[in-house]
Structure formats: structure tokens, C-alpha cells
Amino acid sequence: MSDANDLSDLNRRMEGAVSAFISDINSLRTGRASANILDPVMVEAYGSRVPLNQVGNITVPESRMLAVNIWDKSMVNAVDRAIRESHLGLNPIMDGQTLRIPLPELNEERRRSLVKVAHEYAEKARVAVRHVRRDGMDDLKKAEKNGDLGQDESRALSDRVQQLTDAAISRVDELLADKEKEIMQV
């Protein structure tokens, strides 16, 4: 086991979990319209589930409105259904091949539910980071057992893996706190 390479690989994987969390929380709606809001929406199209952005263009014509211009006319109902069934609380209005999606003002209850969703995303990210940590610790134990690493080296590397884990989890917590403030801001 190459120490520096393995630690950089673990760090890369932990950063990947943090990046996935960032894209998840960016899809949560705050007070203004963003095309990212519809990122988690998957549409049943041509026999499989595909992201919404693969069946149409998403634009932001106004600050409180999204528009989805669907390329295939036969997909309009499927896209409408997918948006309604998502946990986003949006109700599209059909206008030919375009869906107009007004973004209602967020009330206190909806803000709290969005915060809960953000906490779920954060927990998912923490679990992913911990899985990476477990993989790294298992590799260290195997290397120590095989005689590739001494006990002192193994302990030092496991401390370093723990530091990487702590840093990634604290970054997730910071991002969550920022997003929570943004959501709860009226």
C-alpha cells in the first residue's frame, strides 16, 4: 500500500461525497428560481428513467418562474407527472410543449420541510464519507497484518485518515448550516 497515493485517493473520494452533497443542496429551492431545482427530477422516458434535462431545456424566464421546453411532444405528460410526484411541491402548467412552473412563496412549514430534506442529504453525505473512512481503515489493517506496514506507521496513517474524515464531515456541516440559514431567510 502506497501511503501518499492511498491517502490522496481517500481524500478524493471524500471530496466526491462532499461535491455530491453540494449538488444535492443546490437543488433545494430557496426564495429565488434556479434551474438546479429540477436536477433531482427523473422522468420515465423511452422505457427508462432519465434526468429531466435530457428530455427538455430548463430556463428561468422570471424570478419566480421556471419553464421546461420539452423536445418530444409525447413526453409532456410524463414530465408533468414526474415534476408533480417529486418532493419539490411544484405544480406545472401545460402550455403546448412547454411547462410553466410557478414557484410559490415559501411558507414556514415548507421551509422547515426543505430543511429536513437538507439534513437528509447531509446525513447521506456523512455516511458516504464514513464508508470511505472504513475502506481506508480496512486497507491499513490488511497492510499491517500482511507485514507491509509497521504498527506505528499504521497508527499514524489511521490518525491521518481520521483527520481527513473529520475535515470532510465538518465541511458538510458548514455547508448544511449555510443552506439552512438561506432556506429559513424570509
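Nothing here was measured: the structure is a model prediction, and the numbers come from that model.

Colleague: Lay out the pattern of salt bridges in plain terms, naming residues and giving numbers.
Modeller: As enumerated under the stated definition, the model contains twelve salt bridges in all. Across the salt bridge formed by arginine 84 and aspartate 80, the nearest N and O atoms sit 3.1 Å from each other. Taken together, the residues arginine 84 and aspartate 80, both in helix H2 (residues 76-85) and four residues apart, mark about one turn of the helix. The partly exposed category is assigned to arginine 84, whose relative accessible area is 41%. Residue aspartate 80 is classed as buried on the basis of its relative accessible area of 9%. Of the charged contacts in the structure, one is a salt bridge between arginine 130 and glutamate 123, with a shortest N-O distance of 3.5 Å. Judged by its relative accessible area of 39%, arginine 130 is partly exposed.

Colleague: With reference to specific residues and values, describe the pairing of strand E4 (residues 65-70).
Modeller: With five of six residues buried, E4 is to be regarded as a mostly interior element. Linking two consecutive strands that pair antiparallel, namely strand E3 (residues 56-62) and E4, is a turn of two residues. Relative to strand E6 (residues 98-102), E4 is paired through five bridges, and the arrangement is antiparallel. Counted as the bridge partner of methionine 65 is proline 102 from E6.

Reading guide: rules and limits
Residues numbered from 1 in each chain as written. Predicted model: local features only at pLDDT ≥ 70, side-chain atom pairs only at ≥ 80, totals over all residues. Heavy atoms only, no water. Salt bridge = Lys/Arg side-chain N within 4 Å of Asp/Glu carboxyl O. Helix = DSSP H or I, 4+ residues; strand = E, 2+ residues; numbered from the N terminus. Buried < 20%, exposed > 50% of the residue type's maximum accessible area, 1.4 Å probe, protein only. Pairing = 2+ DSSP bridges.

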